[in-house]
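Here is what each chain is made of, one letter per residue.
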Amino acid sequence: MLKLESVSTYYGNIQALKEVSLSINEGEIVALIGANGAGKSTTLMSICGVTPPRKGRVLFEGEDITHLSSEKIVALGINQVPEGRRIFPYLTVRENLDMGAFLRKSKTEVQRDLEYVFELFPRLAERRHQQGGTLSGGEQQMLAISRALMSRPKLLLLDEPSLGLAPILVQQIFKIIRQINRDNNTTIFLVEQNANLALKTAHKGYVMETGRVTLYDTAENLLNNEEVKKAYLGGA
Ligand code: ATP
């Protein structure tokens, strides 16, 4: 479904991604793990058109999307939930969700999806008239994921969904990530510093170090890999 072929991305003269290649099949949850600054966020931004690669190609359902605008990429069915959530703080929960659905034509389907996200996150249903900025960190993360879902993405890109959340909420968010994948066959590409939880959630995973992919395997094998355990799973 998604393929990166030798993608190199730069910030000015700084090369953040060095010939990154990876592939994601339809219906999979794929985790991308690595230390701070390894290039995980840049990988997501290279897919969704925010920092287009200087070299290499990004293919989505066989189409070369390397140099398409972010708007076109969203229209093709890729939606990113960026790190730090970035919901609209002065819009209500409901208005934020409507923004997510702005490209959709069928009101009935949008209504159905609204009911679906309110089922996933009953907290948001209770707070639908409240301004986004007044929600707690966890609720804002729920809203950011829900807003992305309202565009009915084929591929959902999640950047650090666990960041800054209390442990109990982190467990809940990851359970819901699995549920979204199961319910809608939504393909999910998950960037996480919490490698343990990410690999327990994903089907397969990639490990990144200083801009390169250094390991690729099933999530189960990565969880049992001695190097991964030492470097990313607290030696457990
Ligand atoms: P984190 O979890 O901290 O976000 P990451 O693995 O997502 O880490 P990136 O944010 O992709 O890493 O950063 C990759 C490299 O690119 C780092 O060396 C970082 O300093 C650099 N970088 C990121 N954004 C910029 C920018 N806007 N300008 C210059 N360099 C940047």
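The protein appears in an unreviewed UniProt entry as Branched-chain amino acid ABC transporter ATP-binding protein from Marispirochaeta aestuarii. Quoted verbatim from the Sequence similarities (unreviewed entry) field of UniProt, the annotation for the protein is "Belongs to the ABC transporter superfamily."

Caption draft 1: Representation of the sheet that holds strand E2 (residues 14-24) in the model. What the 4 strands build is an open sheet, ordered E2-E1-E4-E5; its pairing is antiparallel. The sheet is open, and its two edges are formed by E2 and strand E5 (63-64), each paired on a single side. Two elements, strand E4 (residues 55-60) and E5, share 2 bridges in a ladder whose sense is antiparallel. Considered in E5, the bridge of leucine 59 is made with aspartate 64. Strand contacts of helix H1 (residues 40-47): strand E1 (2-11), E2 and E4, with the helix running at about 110° to E1, the strand carrying the most contacts.

Caption draft 2: Layout of a nonpolar patch on the surface. Side chains of Val74, Phe102 and Leu103 sit close together on the surface and give an oily, nonpolar patch of about 290 Å² of accessible area. Residue placement: leucine 103 occurs in the loop between helix H3 (93-100) and helix H4 (107-120).

Caption draft 3: Highlighting the domain arrangement of the protein. As assigned here, the protein comprises domain 1 (1-77 + 153-163 + 175-236) and domain 2 (85-152). Domain 1 and domain 2 are separated by 24 Å when their C-alpha centres are compared. Every contact between the two is made by 14 residues of domain 1 and, on the other side, 11 residues of domain 2. Carbon and sulfur atoms make up 69% of the surface buried where domain 1 meets domain 2, a total of about 990 Å² over both sides. Area buried by domain 1 at its contact with domain 2 is led by Pro153, Ile176 and Ile180, which between them contribute 44% of it. The interface formed by domain 1 and domain 2 contains 0 salt bridges. At the junction of domain 1 with domain 2, the criterion picks out 3 residue pairs in polar contact (both at pLDDT 80 or more). Looking at the side of domain 1 that touches domain 2, the elements that each hand over two or more residues are helix H2 (70-76), strand E7 (155-159) and helix H7 (167-184). At 5 residues, H7 tops the list of elements feeding residues into the side of domain 1 that touches domain 2. Of the residues that constitute the side of domain 1 that touches domain 2, the class distribution is 9 nonpolar, 2 polar and 3 charged.

Caption draft 4: The arrangement of H7 in detail. Its 18 residues place the ends of H7 26 Å apart at the C-alpha level, agreeing with the 26 Å of an ideal helix rising 1.5 Å per residue. Among the residues of H7, Leu169, Val170, Ile173, Phe174, Ile176, Ile177, Ile180 and Asn181 are the ones counted as buried. For H7, the angular spread of the buried residues around the axis is 160°, confining them to a single face. Relative to its buried face, H7 has exposed residues pointing more than 90 degrees away, namely Pro167, Ile168, Lys175 and Arg182. Buried residues belonging to H7 abut strand E3 (29-34), H4, helix H6 (137-149), E7, strand E8 (187-192) and helix H8 (195-201). Once H7 finishes, asparagine 185 follows within two positions and takes phi at roughly 55°, a positive value.

Definitions and cut-offs
- Sequence order as written defines the numbering, with residues in each chain counted from 1.
- Note on the predicted model: pLDDT of at least 70 is required for a residue's local features to be given, and 80 or more for side-chain atom pairs to be given and counted; whole-chain, interface and lining totals, by contrast, use all residues.
- Working from all heavy atoms in the structure, the side-chain values ignore hydrogens and water.
- UniProt positions are given in the numbering used here, feature names are shortened, and annotations may be inferred rather than shown by experiment.
- Only strands joined by at least two bridges in the DSSP assignment are considered to pair.
- By definition, any uninterrupted DSSP run of H or I lasting at least four residues is a helix, any uninterrupted run of E lasting at least two residues is a strand, and each is numbered from the N terminus.
- Residue contacts follow a heavy-atom distance rule, with two residues in contact if any of their heavy atoms lie within 4.5 Å.
- Orientation is described by axes fitted as lines to C-alpha atoms, over the contacting stretch for helices, and by angles from 0 to 180 degrees between their N-to-C directions.
- Patches here are clusters of residues that have more than 30% relative accessible area and form no salt bridge, with a 9 Å joining cutoff for like charges and a 5 Å cutoff for nonpolar side chains (Val, Leu, Ile, Met, Phe, Trp, Tyr).
- Note on areas: Shrake-Rupley, 1.4 Å probe, and residue coverage restricted to the protein chains presented here.
- The salt bridge definition used is simple: a Lys or Arg side-chain nitrogen within 4 Å of an Asp or Glu carboxyl oxygen.
- Domain start and stop positions are those given by an automatic or database domain assignment.
- Note: buried area is the sum, over both parts, of the accessible area (probe 1.4 Å) each one loses when the two are combined.
- Any N or O atom pair separated by 3.5 Å or less is treated as a polar contact, with the protein-specific requirement of one donor-capable and one acceptor-capable atom, and with residues adjacent in sequence counted only for side-chain atom pairs.
- The residue classification treats Ala, Val, Leu, Ile, Met, Phe, Trp, Tyr, Cys and Pro as nonpolar and Asp, Glu, Lys and Arg as charged. All others, Gly included, are polar.
- How far a helix is expected to stretch is found by multiplying one less than its residue total by 1.5 Å.
- Remark: exposure states derive from per-residue accessible area (1.4 Å probe, protein chains only) relative to the maximum for the residue type, with buried under 20%, exposed over 50%, and partly exposed in between.
- As used here, the arc belongs to the directions running from the helix axis to the C-beta atoms.

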